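# Structural overview for review
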Amino acid sequence: MAATLRIQSDWSRALSRDEGEAWLSCRSPGKATLYGSVTRRGLSSDGVPDIVASEGFVVGEVTKKSILISCPHENVSTKFLAPYTSFCRIHQKSITCLDISSGGGLGVSTSTDGTMKIWQAANGEIRRLLEGHVYDVNCCRFFPSGLVVLSGGMDAQLKIWSAEDASCVVTFKGHKGGILDTAMVDRGRNVLSCSRDGTARLWDCGQSSCLGTVADCGSPINGIAVGAADSSLNLGSPESPPSEREVGTEGKMLLLAREDKKLQGVGLQSRQPVFLFMGSDAFNCCTFLSSTYILAGTQDGNIYQLDVRNTNAPIQVIHRSGAPVLSLLPYRDGFIASQGDGTCFIVQQDLDYVLDLTEADCDPVYKVASWEKEIYTCCRDGTVRRYQLSDL
């Protein structure tokens, strides 16, 4: 794996004054880590900070919220991005999950302070408190309409809420353990959940009933993703005709990120196994990049990219640190990943540098959500950060 560049987490504050300094490092597998620093010498004539790097590092383009750093010896470049805004008042404690509505106007988040809240994405102002789960809420997401929220909790309940008046309109019961992740089928007439109980279940929102167990694997399922599968893939046939309440499951595959180091693909309509891939450690999260390419992240810091048509060997394994990969999000021509050491980075096919979303200092970044050119992250330090990717 290529070398990894790091910068002091509060570099933008450190470099906001003359003679301000921030540390840098470049770590390459099997070699001694190169340490250095960047220092601000003043302002250039057009008001942009004049920043120089110590030996072995080169400073590229600098803006108010970004700095491009390269280490020519290791042939690696990273653009570090500071948050555009940070919201520290939404929750009192660690924020475990968040999502942004399809129109970009609202955010929803869950916290170990026991609350789930809806807030304005522009300023973090709290709009609604969603109360009804017993114990912690693990996951939350908006329906495609942006007016309704789906949540899953340690109480083994899945709930649907109105974002407009905070009422809980549906509660699904059936799981025997805490719910760890959810997914939407198309517009959300059917939804999916996975649990510590080792099952993934399909639910009908209209009749608030369980349409069936899609998978039962005897190991906690930490994350799921649903997507259209490549047409050449044999997804299997259902043993009995699906219920007429089952909508949009045909031609789709469900990915299961399992605690027992396995990543599994299952035909959503057929409930038949499609593939099983053994990883280096427990899988925490998974996502579709396209109908052929998928990504999955493990507890020991590996991000596997697989081709669903042949999962014998990964296309590539990205490893930036040994910290758990906590969330993966497809973004444009690539993806965004966040890890347990506070790093959050964006990889794009046509960019020759990695984009690093900075400021979380060694606190796990649990989840990432995007709306157009804005990226939102939530962290153990209780802060929601918003990054602006104006210059991609």
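Residues numbered from 1 in each chain as written. Predicted model: local features only at pLDDT ≥ 70, side-chain atom pairs only at ≥ 80, totals over all residues. Heavy atoms only, no water.

## Considering the overall build of the chain
Regarding its fold elements, the chain presents one helix and 35 strands. Whereas a compact globule of 392 residues would reach a radius of gyration of roughly 21 Å, the chain reaches 22 Å, a difference of no more than 12%. Considering only C-alpha atoms, the chain reaches an extent of 70 × 50 × 30 Å along its principal axes. Looking at the chain as a whole, 56% of its 392 residues are labelled buried. Sequence-distant contacts, at least 24 apart, represent 44% of the contacts inside the chain between residues at least 6 apart. Counting every atom, the chain has about 16,500 Å² of accessible surface; 46% of that belongs to carbon and sulfur. If the 37 positive side-chain charges of the chain are averaged to one point and the 44 negative ones to another, these points end up 3 Å apart. (Helix = DSSP H or I, 4+ residues; strand = E, 2+ residues; numbered from the N terminus. Rg over C-alpha atoms; globule rule 2.2 N^0.38 Å. Buried < 20%, exposed > 50% of the residue type's maximum accessible area, 1.4 Å probe, protein only. Contact = heavy atoms within 4.5 Å. Areas by Shrake-Rupley, 256 points an atom, 1.4 Å probe, with all protein chains shown as cover. Lys, Arg positive; Asp, Glu negative; His and termini not counted. Charge placed at Lys NZ, Arg CZ, Asp CG, Glu CD.)

## Let's talk about the sheet that holds strand 13 (residues 137-142)
If you walk across this open sheet you meet the four strands as 13-14-15-16, and the pairing is antiparallel. Single-partner strands in this sheet number two, and they are strand 13 and strand 16 (168-172). The sheet shows a mean angle of 20° between the axes of neighbouring strands, taken without regard to direction. Sheet analysis places strand 14 (residues 148-153) next to strand 15 (residues 158-162), joined by five bridges and oriented antiparallel. Across the sheet, residue Val 149 finds its bridge partner in strand 15, namely Trp 161. (Pairing = 2+ DSSP bridges. Axes fitted to C-alpha atoms, helices over the stretch in contact; angles between N-to-C directions.)

## Points about the sheet that holds strand 3 (residues 34-43)
Taking strand neighbours across the sheet as the criterion, the four strands line up as 1-2-3-4 in an open arrangement whose pairing is antiparallel. The open sheet is flanked by strand 1 (4-7) and strand 4 (49-53), the only strands paired with a single partner. Neighbour-to-neighbour, the strand axes of the sheet open up by a mean angle of 25°, direction not taken into account. With four bridges connecting them, strand 1 and strand 2 (residues 21-27) associate as antiparallel partners. Paired with Thr 4 across the strands is Arg 27, a residue of strand 2.

## Describing the pattern of salt bridges
A complete count under the given rule lists 17 salt bridges for this structure. Residue Lys 79 pairs with Glu 61 through a salt bridge whose shortest N-O separation is 3.6 Å. Taken as a pair, Lys 79 in strand 7 (residues 76-81) and Glu 61 in strand 5 (residues 58-62) lie far apart in primary sequence, 18 residues in all. Overall, Glu 61 belongs to the partly exposed group, its relative accessible area being 47%. A network of salt bridges, in which partner residues are shared, links Arg 13, Glu 359, Asp 381 and Arg 385. (Salt bridge = Lys/Arg side-chain N within 4 Å of Asp/Glu carboxyl O.)

## Section: the packing of aromatic side chains
The full count for this structure, using the stated rule, is seven aromatic pairs. A centroid spacing of 6.1 Å and a plane angle of 65° characterise the contact between Phe 87 and Trp 119, whose relative ring orientation is edge-to-face. Linking Phe 87 in strand 8 (residues 85-87) with Trp 119 in strand 11 (residues 116-120), this pair joins segments that are 32 residues apart in sequence. With respect to burial, Phe 87 and Trp 119 carry one shared label: buried. Directly above the ring of Phe 345 sits Arg 320, whose terminal nitrogen or CZ lies 4.2 Å from the centroid. (Phe/Tyr/Trp six-rings, centres within 6.5 Å; stacked < 30°, edge-to-face > 60°. Lys NZ or Arg CZ within 6 Å of the ring centre and 35° of its normal.)

## Structural notes on the side chain of Gln 348
By secondary structure assignment, the location of Gln 348 is in strand 31 (residues 344-348). Gln 348 sits in the buried class, given a relative accessible area of 6%. Polar contacts involving the side chain of Gln 348 include one to the main-chain carbonyl oxygen of Tyr 331, which spans 2.8 Å. Beyond its immediate chain neighbours, meaning those up to four positions away, Gln 348 contacts Tyr 331, Arg 332, Asp 333, Gly 334 and Phe 335. (Polar contact = N/O pair within 3.5 Å; in protein donor to acceptor, adjacent residues only side chain to side chain.)

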